[in-house]
Amino acid sequence: MLSRVADNLFWMSRYLERAEHIARIVLVHHNLELEQPEEANAGRWKRVFQSLALDPPIEDSTNSVLSQICFGVESRFSITTSIESARNNARQVREQISSEMWEQLNRLYHAVRHADHEDHNGEIEEFLIAVKEGAHLFHGLTDSTMSHGEGWQFIQLGQSLERAINTAAQLEIHYREFYREASLDSEWGPDAAGYLEWIGLLRCATAFEAFCKVHSATIDPLNVVEFLLLDAQFPHSIRFVVDTLQTALEAIGRLSPGRRVHKVQRIAGRLQAELSFTQIEEVMERGIADTMQHIRESCHEIHNCVHEAFVSYPVESALEV
Amino acid sequence: MLTQAPFQNYWYGTPWDEMFYPGGEPRAHYEPLMRVLENLPAEEIRQKKQAADLSFLHQGITFTVYGKSEGTERIFPHDLIPRILTAAEWSKIELGLTQRITALNEFLRDLYHEQRILNDGVVPRELIASCPHFRREMRGVAVPRGAYVAVAGTDLVRLPTGEFAVLEDNLRVPSGVSYMLTSRQVMKRVFPSLLRECQVRPIDHYGAALSSTLRSLAPEGRPDPVIVLLTPGVFNSAYFEHAYLARQMGIELVEGRDLLVHDNIVYMRTTSGLRRIDVIYRRIDDDFIDSLVFRSDTILGVPGLFNAYRAGNVTLANAVGTGVADDKAVYAYVPAIIKYYLDQDAILPNVETYLLSDERERSYVLENLDKLVVKAVGESGGYGMLVGPHSTKADQEEFRRRILANPRNYIAQPTLALSCAPCLVEGESIEPRHVDLRPYILFGEKVTIVPGGLTRVALRRGSLVVNSSQGGGSKDTWVLQN
């Protein structure tokens, strides 16, 4: 398939995943902010921004933060700009995706563009839910109306890469702020502010219910970290996401073989092996911050190698094949 | 019978009515259609019209209107009542167009090589030298099979005598063929039994014919050529058509940035490496195809493409520089061109044309601006045109000024009484509207013309302008088996 087409599909998917991710975590933190005592809210939005690799918010007021992250046009990554970028990428490959997919993304784009930017009280939650649902609908349509060929694999690749990076960043920042050795004791009652924050972290990854099925509602931070990092079955756990990523890469390698593919498969394969065979104790020994950084770096490396192998490869190397 | 429902507002006796004799009796080949229309309740006609429009909208068959703000994608207005041509009418058109495209390709080959026709004084040398679409870069460049124009769309009009004449040739990147094809698809759903009863010749093989024409033009030694369609991109008004044709032919739809030239070979960048390209069906104007040779302020094309083309490593369809042959002033010489190369008289006549660079003709035209149609020679799509009888004094003064400033840039023609065909107006009553006909001609190993074409309609009452950008629409064209 044309390199440009693969690139557009990849980015379309990354941007949409990003928009959905932002919507999810803003929704959770907006709720937490209402429930938590004031001191627990200090620095909340700063941490959210940091986990999204954004500059700290210009103002501290909730309204200003929300409008910046949801509708900000200057911000590189507000929900609006992310959806707009996803649509721009889709627009250029309209013939390669199904018309159902295009129409859904187009609808979502028009919905966020016409959302009311000023009324943050009732509307913002509806807005965030609409973004989430819009993205889910798009993924459903992608699975059921598009051939699962090379293009579809690039969509999976973009989505899982973005998801792995986001989850790792979020886990790292949350851990730094809230993890206490002492917390392993029973003093973590359901009333503690920290307890709610850990539930919030799970909710950010829509993982609360899935987590409870495994660990019951006893929220042990160590279990939460383990679940979000190493669970083999939950679609937002980093291990699961990297498995998906590796599957997509293998499929692409079969469809578009060439020795340029090997490098990226090696990096992704190594990351996958690490996550499959590591235990949480080993992770703790290495340190969460270090592990998350390693995951993010590997993801960035995978991204660059994919681009080099399939899109921006030098002409000379391609002629030798 | 003629005063019955849908035709009650119809008026007969326009200079040439496609469907009716001047007295109001339908022509024989329109009788089955007449029977169907008469027995169709107005409500059902409305429903069929709605179903057809919806089908166009859902398929995204739209075009973009330039010069308006973003988002002016419109459906191409489509008229439900088909325009019907008899087998005899069509066979004359087919012969005439074949003759014309053959002569024009000879003419282009000659212009870019020996220039015999200029040396013999049949076409004035100044006329060619002053044509902006004459590409000196093409002198001496060999073109496979001499097929400079591989795809042409020639606009025909029917004169009051019932005879077809050529209004203009489109030899650069003619568009509209997707409307012809999709319109037939819709008609099959709307009037299935009528199509069968009339024995309408099929046109669905256009994609296959285009594909084999392009294949036949591949550079030598490339038995299994890779063919692509080069589009300027999603913002182009005809993007729908580009994507549609690429899908019909099963070829890759590429933009300039997907291609690169290395050692005079053109490649496209794919996920599995570079893939060599042999034939480019380009839907980009000459000016934009190679920023190293033509306009440098563009990123639509491919730097180095022209050199690869000149080296014979890739075929461009159409060739570079075909615009010189559809220059509206050169048009006046086409009958002479046919005579010169083929020693035949033109089967399809031209429309009488005044060249404004000629002093005598110019003064006649300037005195009769209110009766004539004036056209800029390099423009298409109905832009840059004065329709005398429908113009204001101010328009005429504006054109007088422009003509005097650059007479070579304009021609004039008598205001033609285009033939009329019945059209559904506002979904209910049927009224006559002016129509033309644009068949599509393919020139490769052989000449192929799918039977039919795009019948364009001037939907506004009395209007003579059929271009989609100027409020025109289209209707399906049926060529009968016998």
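Residues numbered from 1 in each chain as written. Chains lettered and ligands numbered in written order. Predicted model: local features only at pLDDT ≥ 70, side-chain atom pairs only at ≥ 80, totals over all residues. Heavy atoms only, no water.

1. Here we look at the overall build of chain B
1) Next: Counting secondary structure elements, chain B contains 14 helices and 22 strands.
2) Next: Against the compact-globule benchmark of 23 Å for 482 residues, chain B has a radius of gyration of 23 Å, which places it among compact chains.
3) Next: Its C-alpha atoms give chain B principal-axis dimensions of roughly 70 × 60 × 50 Å.
4) Next: For chain B, buried positions account for 59% of its 482 residues.
5) Next: Long-range contacts, defined as pairs at least 24 residues apart, comprise 68% of the intrachain contacts of chain B with a sequence gap of at least 6.
6) Next: Counting every atom, chain B has about 19,300 Å² of accessible surface; 49% of that belongs to carbon and sulfur. (Helix = DSSP H or I, 4+ residues; strand = E, 2+ residues; numbered from the N terminus. Rg over C-alpha atoms; globule rule 2.2 N^0.38 Å. Buried < 20%, exposed > 50% of the residue type's maximum accessible area, 1.4 Å probe, protein only. Contact = heavy atoms within 4.5 Å. Areas by Shrake-Rupley, 256 points an atom, 1.4 Å probe, with all protein chains shown as cover.)

2. Remarks on the overall build of chain A
1) Next: When you go through chain A residue by residue, the secondary structure sums to 16 helices and 0 strands.
2) Next: Over its C-alpha atoms chain A spans a radius of gyration of 20 Å, differing by no more than 12% from the 20 Å that the globule rule assigns to 321 residues.
3) Next: Considering only C-alpha atoms, chain A reaches an extent of 65 × 50 × 35 Å along its principal axes.
4) Next: Sorting the 321 residues of chain A into buried and exposed places 57% on the buried side.
5) Next: Looking at chain A alone, contacts between residues at least 24 apart form 67% of all its contacts between residues at least 6 apart.
6) Next: With the model as given, the accessible surface of chain A reaches about 14,200 Å², and the carbon-plus-sulfur share is 48%.

3. Description of the sheet that holds strand 8 (residues 259-262) of chain B
Residue and element names in this part refer to chain B.
1) Next: Here 3 strands make up an open sheet; going across it, the order is 8-9-10 and the pairing antiparallel. The open sheet has two edge strands with one neighbour each: strand 8 and strand 10 (273-276). Here the average twist between neighbouring strands, direction ignored, is 40°.
2) Next: The pairing of strand 8 with strand 9 (residues 265-270) spans 4 bridges and is antiparallel. Its bridge partner being in strand 9, Leu259 is matched across the sheet by Met268. (Pairing = 2+ DSSP bridges. Axes fitted to C-alpha atoms, helices over the stretch in contact; angles between N-to-C directions.)

4. Looking at the domain arrangement of chain A
All names here are of chain A.
1) Next: According to the domain assignment, chain A contains domain 1 (1-146) and domain 2 (148-321).
2) Next: With centres defined by C-alpha atoms, the gap from domain 1 to domain 2 works out at 20 Å.
3) Next: With 30 residues of domain 1 in contact, the opposing surface of domain 2 contributes 35 residues.
4) Next: Regarding the contact of domain 1 and domain 2, the summed buried area is about 3,000 Å², with carbon and sulfur atoms giving 60% of it.
5) Next: Broken down residue by residue, the surface that domain 1 buries against domain 2 is led by Phe10, Arg14 and Arg47, which jointly contribute 21%.
6) Next: Summed over the shared surface of domain 1 and domain 2, the number is 5 salt bridges. (Domains from an automatic or database assignment. Buried area = accessible area lost by both parts, 1.4 Å probe. Salt bridge = Lys/Arg side-chain N within 4 Å of Asp/Glu carboxyl O.)

5. Describing the nonpolar core
1) Next: Counting residues in hydrophobic clusters, the biggest one holds 189 residues, and the most contacted among them are A:Phe127, B:Phe107, B:Tyr206 and B:Ile280.
2) Next: Looking at this core, the element that brings in the most residues is helix 1 (residues 3-35) of chain A, giving 13 residues.
3) Next: If we skip the residues at most four places from it in the chain, B:Phe107 touches B:Ile117, B:Val123, B:Ile128, B:Ala325, B:Val330, B:Ile337 and B:Tyr341.
4) Next: With 55 residues, the next largest nonpolar core counts A:Ile252, A:Val264, A:Met292 and A:Val306 among its residues. (Core = buried A, V, L, I, M, F, W, Y, C linked by side-chain atoms within 4.5 Å.)

6. With respect to unusual backbone geometry
All names here are of chain B.
1) Next: Note the cis peptide between Ala317 and Asn318, where omega equals 0°.
2) Next: Here Asn318 shows up in the loop between strand 12 (315-317) and helix 11 (328-331).
3) Next: A positive phi is found at Asn264, a non-glycine position, where the angle reads about 65°.
4) Next: When you line up the elements, Asn264 lands in the loop between strand 8 and strand 9.

7. Some points on the pairing of strand 10 of chain B
For a regular strand, the rule is simple: side chains alternate between the two faces of the sheet.
Residue and element names in this part refer to chain B.
1) Next: Sheet analysis places strand 9 next to strand 10, joined by 4 bridges and oriented antiparallel. Residue pairing for strand 10: Arg269 is matched across the bridge by Leu274.
2) Next: Between strand 9 and strand 10, which pair antiparallel in sequence order, lie 2 residues.

8. Details of the domain arrangement of chain B
Residue and element names in this part refer to chain B.
1) Next: Partitioning chain B into domains gives domain 1 (90-178 + 204-342) and domain 2 (354-414).
2) Next: Distance between the C-alpha centres of domain 1 and domain 2: 28 Å.
3) Next: The interface is formed by 13 residues belonging to domain 1 together with 10 residues belonging to domain 2.
4) Next: Summing both sides of the interface, domain 1 and domain 2 together bury roughly 920 Å²; the carbon and sulfur share of this comes to 49%.
5) Next: Considering only the side of domain 1, the residues that lose the most area to domain 2 are Leu167, Lys328 and Ala329, jointly responsible for 47% of the buried surface there.

9. Considering the environment of B:Arg135
Residue and element names in this part refer to chain B.
1) Next: You can see Arg135 is positioned in the loop between helix 5 (125-129) and strand 4 (151-158).
2) Next: As a C-alpha pair, Arg135 and Thr322 span 187 residues in sequence and 8.6 Å in three-dimensional space.
3) Next: Not counting residues within four places of it along the chain, the set of residues in contact with Arg135 comprises Tyr112, Asp286, Asp287, Phe294, Val320 and Gly321.

10. Focus: the sheet that holds strand 6 (residues 227-230) of chain B
Residues and elements named next belong to chain B.
1) Next: Strand order in the open sheet made by the 4 strands is 7-6-11-12, with parallel pairing throughout. Of all strands in the sheet, those with a lone pairing partner are strand 7 (252-254) and strand 12, marking the two edges. Each adjacent strand pair in this sheet contributes to an overall mean axis angle of 30°, direction not counted.
2) Next: Across 3 bridges, strand 6 lies against strand 7 in parallel orientation. Bridge pairing in strand 7 places Leu230 opposite Val254.

11. Re the interface of chain B and chain A
1) Next: Counting residues at the interface gives 21 residues for chain B, matched by 23 residues for chain A.
2) Next: Carbon and sulfur atoms supply 49% of the area buried between chain B and chain A, which totals about 2,000 Å² over both sides.
3) Next: Broken down residue by residue, the surface that chain B buries against chain A is led by B:Arg269, B:Thr271 and B:Leu274, which jointly contribute 34%.
4) Next: A salt bridge links B:Asp258 to A:Arg4; the shortest N-O distance between them is 2.6 Å.

12. Section: the pattern of salt bridges
1) Next: Scanning the model with the defined rule gives 46 salt bridges over all chains in all.
2) Next: The residue B:Arg46 makes a salt bridge to B:Glu43 at a minimum N-O spacing of 2.8 Å. Taken together, the positions of B:Arg46 and B:Glu43, both in helix 2 (residues 42-58) and 3 residues apart, correspond to about one turn of that helix.
3) Next: Taking relative accessible area as the criterion, B:Arg46 reaches 29% and is therefore assigned partly exposed.
4) Next: Notably, a salt bridge pairs B:Arg438 with B:Asp155, separated by 2.7 Å at the nearest N-O pair. Here B:Asp155 lies in strand 4 and B:Arg438 lies in the loop between strand 18 (429-434) and strand 19 (440-443), a separation of 283 residues in the sequence. Like B:Arg438, the residue B:Asp155 is buried in the burial classification.
5) Next: One salt-bridge network, in which partners are shared between bridges, spans A:Arg4, B:Glu255, B:Arg257 and B:Asp258.

13. Some remarks on the packing of helix 1 of chain A against helix 3 (residues 44-51) of chain A
Residue and element names in this part refer to chain A.
1) Next: It is the contact of helix 1 with helix 3, at a shortest axis distance of 11 Å, that shows an interaxial angle of 170°. The angle between helix 1 and helix 3 falls in the class roughly antiparallel. Residues Ile25, Val26, His29, His30, Leu32 and Glu33 of helix 1 lie in contact with helix 3, whose contacting residues are Arg44, Trp45, Val48 and Ser51.
2) Next: Counted by class, the contact of helix 1 with helix 3 contains 5 nonpolar, 3 polar and 2 charged residues. (Parallel < 35°, antiparallel > 145°, perpendicular 65-115°, else oblique. Nonpolar A, V, L, I, M, F, W, Y, C, P; charged D, E, K, R; others polar.)

14. What to know about helix 8 (residues 206-216) of chain B
1) Next: Burial analysis of helix 8 of chain B places 8 of its 11 residues in the buried class, the great majority of the element.
2) Next: Residues B:Tyr206, B:Gly207, B:Ala209, B:Leu210, B:Ser211, B:Thr213, B:Leu214 and B:Ser216 constitute the buried set of helix 8 of chain B.

15. Let's talk about the side chain of A:His29
Residues and elements named next belong to chain A.
1) Next: With respect to the secondary-structure elements, His29 resides in helix 1.
2) Next: By relative accessible area, which is 11% here, His29 ends up buried.
3) Next: Beyond its immediate stretch of four places on either side in the chain, His29 contacts Arg44, Trp45, Val48, Glu197 and Cys204.

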